[in-house]
Amino acid sequence: MRELSLEWREGERLLLLGPSGSGKSTLALCLDGVIPHALEAHWEHGRVVVAGRDTRDASLGELTRTVGVLFQDPETQLTMLEIDDEIAFGLENLGLSRDDMRARVLEARRLTRLDGRDVPERIDELSGGTKQRVALAALLAMRPAALVLDEPTANLDPDGTHEVLAALRSLVGDRSRSLLLIEHRLDHILPLIDRVAVLDERGSLAVVGTPEEVFIGAQARLDALGVWVPQLRELAQLLGSDALPGDVSAAADILLERWPATAGVPRVKSPVGETLVVARDAAYQYRRGAAWAVRDVSVEIARGDFIALVGPNGAGKSTLGLLLAGAVPPTRGAAERHARVGFVFQYPEHQFVSRTVADELRASGVRDVGPILERIGLGALGAANPFALSHGEKRRLSVATAMASGPDILILDEPTFGQDRRHNERLLSDLGALNMKGVAVVVITHDLALVADHARRVVEMRDGRVTFDGATADYFVGGRRLPPVAEAFRLAHERRAAIPPLLGLAAARTALAALVA
Amino acid sequence: MSTYLRRRNPAAKLVVALVLSLLLVLVIDPVTPLLFLAATIAGGVAAGGIRVGTYARASMPLIAVAIGFVWSNAVFATPVPGDQILASWGPVRISETGLRFGTGLALRGFAIGVVSVTFIRSTDPADLVVSLIHDMRVPFRIGYALLAAYRFLPFVAQEYTQIRLAQRVRGVTRSPLAGVLSLFAMAIRRATRIAVAMDARGFAAAGPRTSFRVVPLTAADIAFALVSVATAVALLGTGALGGWLRLWDGRFSA
């Protein structure tokens, strides 16, 4: 952070945006006193004042009672084995009596709807979304005046995201708590937000104001910074509207008003060639006696495919990817390859094998590493240790090494996780370019907007089985969760059949561009 | 599933397990550990609801070690004058003293293993930590670090599998140690995150800390500990009366 001046008022619901590395998470840790009380940090100058007290003078105990922070990964913020212990952990640190604790645990469970009989007591039996609600309950039990949520849904599947956002909505609706939200999937949270603050790469304040002022008034600045904007806003902009639709029905109104009657439905071309990989009744278990991670899956991947592999956490998506890539042999059934497969792991560290960034590329057979490093923004870091890179940089490097090995199929496990908008767009355009050359792309993802915009085919898994395999357009019917833009088109289509039920911004752009041509 | 053993105070159970293990370390004949083995399994099954199959599975990894003990002592022990040679093939001679010493060592290993299994299978880890902090004066920072480590270990194993797979996908086959750097990097980052999350709930600030979970230490727990230790002493006595008991005399072979 540098020269950051920002106010967050009582009861205010503030959205914090910024490119990766702009200091958003650092700010969160400064607000609850972890910096400087528990985590070493270099404090050059300036001050952070929480509830009238300089955080350097107040104690960590006081600060954590005032500001509660929810982090993105449920696995690394839960430390107990059972829900009640987890919720009580912070209260024990405050030294509360057991009667007080019992009352507050009940209260916190009620606030996060964890009071049902169907909720298992052991944390390791919970889904990601429910674990995140437990973490939220643990904060609420401390009765903080303010909540900071640092990408609370980034690690969750669409159902988990929905679950956490629903809990959040009921918590901050009445403004009895202040809320600072760091998030980049903006469409579902926009109705909750009073004010938006945007940081730049240096960690200074770039823009601040109401959502309208920021997303419409400062649009050029946001584009330059590579900060996410709501997809519904992008849709409105595409149609020449200067409104910021607050939800899908407002966006549907804009569509009804502005969608050109003459625009057709863009045709999806599927230049699919010969089969590259076949799995036949393939099943896999990580060790004998363990549950089947993949059960009797039959799937084919052909040259030119662009497939989204979707499904809840733990459905077996990554394992199927490994089977297709030949990294593991099927326990039963068969997986045959007639192609070279590149695989990008969810955590880039897993696949680093070299001591320097440049060697990492050379290990994939690249001779001239300079241009590639330049292209992925690591031009000055060729001699750096890959482990010393930021998460976004690691991800770019791991994707580049997989692409550089010249695969016929590229499988990517959650490639957009933790990336800011600019790098996300570049990654997707690179994948699109590879795909145009005939490389089959398989993206394992929770990001429905990515699925709608880029995938031509969807393979959905649940409990190790394939529950859907077909065209993307066919996937987004029949009660499945839709990305916001698709939802808006569907609402508009229901009210006027002439508006096609398009799935995403990419399709809308293509349709409108065809009109201009 | 609440059994008699499960309801006992974890610190009391830990003390009993340690005392039994210590006594067993001192015993080197093959019969007395067998008595301990039988008594512990009987107690674990009757009072702890632990299945015999659980004991058998947990003992599997010890079998190889046990065979090693028996074999090496039987074959390599220095023959004592008047020692009976049970069998010999060429230079290999199996002495009775050696065989007995080796079997004793192996059975003693099994007995300590069975005591540990009984303790682990009848004790909730969170209860153990609370009890250690409350009854044994273990500093809470250490107690909670233990609990965090308990949650942490399965992830380390998972990470290692992922790293091996990733290296295989990239066509790099190196020694099993090649992934250790990645593993450390991930583990350190994970541990830091957990620590930050704990501090964000005031852990570092905790002065006098209270406890939500109550693990009572009752007269029944004291009685359990006394009876268990008394039983162990009685077993030693039985061994002595039967003439089997031999205590360790400081030598490491027969």
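Predicted model, so just to flag it, every value in this text is computed and none were measured.

J.: How should the domain arrangement of chain B be read in this particular structure?
T.: Interfaces are often sized by the accessible area lost when the parts come together. Entries for chain B in the domain assignment read domain 1 (4-123 + 218-242) and domain 2 (129-200). Here the C-alpha centroids of domain 1 of chain B and domain 2 of chain B sit 32 Å apart.

J.: Just checking my understanding: could you explain the sheet that holds strand 4 (residues 67-70) of chain A for this structure?
T.: Working definition: the strands of a sheet are paired by backbone hydrogen bonds and lie parallel or antiparallel to each other. All names here are of chain A. Strand order in the open sheet made by the 6 strands is 4-5-6-1-7-8, with mixed pairing throughout. Of all strands in the sheet, those bounded by a partner on one side alone are strand 4 and strand 8 (205-209). Averaged over all pairs of adjacent strands, the angle between their axes in this sheet comes to 15°, without regard to strand direction. Note: strand 1 (residues 13-17) against strand 7 (residues 195-199), 4 bridges, orientation parallel. Residue L14 lies in a different strand from strand 7, and its bridge partner there is R195.

J.: Can you walk me through the interface of chain B and chain A in this structure?
T.: Taken residue by residue, the interface counts 39 residues in chain B and 48 residues in chain A. For the side of chain B that touches chain A, the secondary-structure elements that each account for two or more residues are helix 6 (125-135), helix 7 (140-169) and helix 8 (180-199) of chain B. For the side of chain B that touches chain A, the element with the most residues is helix 7 of chain B, which contributes 11 residues. Tallied by class, residues from the side of chain B that touches chain A come to 23 nonpolar, 7 polar and 9 charged.

J.: I'm lost on helix 10 (residues 231-238) of chain A in this one. Help?
T.: Owing to its 3.6 residues per turn, the α-helix aligns residues three or four sequence positions apart on the same side. Residues and elements named next belong to chain A. Among all positions in helix 10, only Q231, L232, R233, L235 and A236 are buried. The elements touched by buried residues of helix 10 are helix 8 (211-217), helix 11 (248-258), helix 17 (448-454), helix 19 (484-495) and helix 20 (505-516). Where helix 10 terminates, the next one or two residues include G240, which has phi positive at roughly 75°.

J.: Can you help me understand the pairing of strand 5 (residues 146-150) of chain A in this one?
T.: Residues in a regular strand project their side chains so that they alternate between the two faces of the sheet. All names here are of chain A. Burial analysis of strand 5 places 5 of its 5 residues in the buried class, the great majority of the element. Where strand 5 lies against strand 6 (residues 178-182), 5 bridges are found, and the strand directions are parallel. Counterpart to D150 in the pairing with strand 6 is I182. Regarding topology, helix 7 (residues 158-172) serves as the crossover connection from strand 5 to the parallel strand 6, and that connection is right-handed.

J.: Explain the packing of helix 10 of chain A against helix 19 of chain A here, please?
T.: A pair of packed helices is captured by two measures, namely the crossing angle of their axes and the spacing between those axes. Residues and elements named next belong to chain A. Viewed as axis vectors pointing N to C, helix 10 and helix 19 meet at an angle of 55°, and their least axial separation amounts to 8 Å. Considering their axes alone, helix 10 and helix 19 lie oblique with respect to each other. Across from Q231, L232 and L235 in helix 10, the residues of helix 19 making contact are P484, V485 and A488. Grouping the amino acids of the contact of helix 10 with helix 19 by side-chain chemistry returns 5 nonpolar, 1 polar and no charged.

J.: How do you make sense of the sheet that holds strand 9 (residues 275-284) of chain A when you look at a structure like this?
T.: All names here are of chain A. Strand order in this open sheet of 3 strands is 10-9-12, and the pairing throughout is antiparallel. Pairing within the sheet leaves two strands with one partner each, and these edge strands are strand 10 (294-302) and strand 12 (332-337). Neighbour to neighbour, the strand axes of the sheet diverge by 10° on average, direction disregarded. Strand direction decides the pairing type here: strand 9 and strand 12, joined by 5 bridges, are antiparallel. Across the sheet, the residue bridging to V278 is E336, located in strand 12. Contacts from helix 12 (residues 317-325) reach strand 9, strand 10 and strand 12, with the element oriented near 125° to strand 9.

So, how was this worked out
- Residues numbered from 1 in each chain as written.
- Chains lettered and ligands numbered in written order.
- Predicted model: local features only at pLDDT ≥ 70, side-chain atom pairs only at ≥ 80, totals over all residues.
- Domains from an automatic or database assignment.
- Pairing = 2+ DSSP bridges.
- Helix = DSSP H or I, 4+ residues; strand = E, 2+ residues; numbered from the N terminus.
- Axes fitted to C-alpha atoms, helices over the stretch in contact; angles between N-to-C directions.
- Contact = placed C-beta atoms within 7 Å.
- Nonpolar A, V, L, I, M, F, W, Y, C, P; charged D, E, K, R; others polar.
- Buried ≥ 20, exposed ≤ 12 C-beta atoms within 10 Å, placed from the backbone.
- Right-handed = clockwise from strand over helix to strand, strands pointing away.
- Parallel < 35°, antiparallel > 145°, perpendicular 65-115°, else oblique.

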